[in-house]
Amino acid sequence: QVQLVESGGGLVQAGGSLRLSCAASGRTFSSYAMGWFRQAPGKEREFVAAINWSYNEFYSDSVKGRFTISRDNAKNTVYLQMNSLKPEDTAVYYCAADHKVVSLRSYFWGQGSQVTVSS
């Protein structure tokens, strides 16, 4: 069982930066693939970024070059550094964990963290 707790969301102006953190419980964190998803009002939840146990990183086209995912296995934490934020990045951001590949069908989810980008 894995419990995920996100933090670091907030309100920022367009062009600004935020860093989200996702702290995970459990002693097998290093073996999990971790990812970030987001859901804007009235829209479906979508993939943002993922990092696997080999530190391979994956990004959606909409955030590539602006967002960076990383993990610290010693702290059981995954991060999402978000730079050059745009109003269209406004959403609730969710952390997810999976044994193989994170997806919308992953079993472990955090409670979400609101990110609001003002124009």
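Residues numbered from 1 in each chain as written. Predicted model: local features only at pLDDT ≥ 70, side-chain atom pairs only at ≥ 80, totals over all residues. Heavy atoms only, no water.

A. Examining the environment of glutamate 44 more closely. Along the chain, the position of glutamate 44 falls in the loop between strand E4 (33–39) and strand E5 (46–51). As for glutamate 44 and glutamate 88, which are separated by 44 residues in sequence, their C-alpha atoms are 14 Å apart. Contact partners of glutamate 44, with chain neighbours within four places excluded, come to Arg38 and Gln39. (Helix = DSSP H or I, 4+ residues; strand = E, 2+ residues; numbered from the N terminus. Contact = heavy atoms within 4.5 Å.)

B. Focus on the sheet that holds strand E1 (residues 4–7). In spatial order, the strands read E1-E3-E8-E7; together these four strands make up an open sheet with antiparallel pairing. The outermost strands of the open sheet, each flanked by one partner alone, are E1 and strand E7 (67–72). Mean inter-strand twist for the sheet, computed between neighbouring axes without regard to direction, equals 15°. Bridge analysis of E1 against strand E3 (residues 18–24) gives four bridges, and the strand direction is antiparallel. Of the residues in E3, the one forming a bridge with leucine 4 is alanine 24. (Pairing = 2+ DSSP bridges. Axes fitted to C-alpha atoms, helices over the stretch in contact; angles between N-to-C directions.)

C. Representation of the state of the cysteines within the structure. For the structure on display, the rule yields one disulfide. With a sulfur-sulfur separation of 2.1 Å, cysteine 22 is cross-linked through a disulfide to cysteine 95. On the sign convention where negative is left-handed, the bridge of cysteine 22 and cysteine 95, at about -80° about the S-S bond, is left-handed. With cysteine 22 in strand E3 and cysteine 95 in strand E9 (residues 91–98), this residue pair connects regions lying 73 residues apart in the sequence. Each member of the pair cysteine 22 and cysteine 95 is classed as buried. (Disulfide = S-S within 2.5 Å. Buried < 20%, exposed > 50% of the residue type's maximum accessible area, 1.4 Å probe, protein only.)

D. Fine view of the pairing of E5. Pairing geometry for E4 and E5, over five bridges, is antiparallel. Within E5, the residue paired with methionine 34 across the bridge is isoleucine 51. Here three bridges tie E5 to strand E6 (residues 57–59), and the two strands are oriented antiparallel to one another. Each residue of the ladder has a partner; that of alanine 50, found in E6, is phenylalanine 58. Here E5 folds back onto E6, and the loop between the two strands holds five residues, one of which, tyrosine 55, carries a positive phi near 65°.

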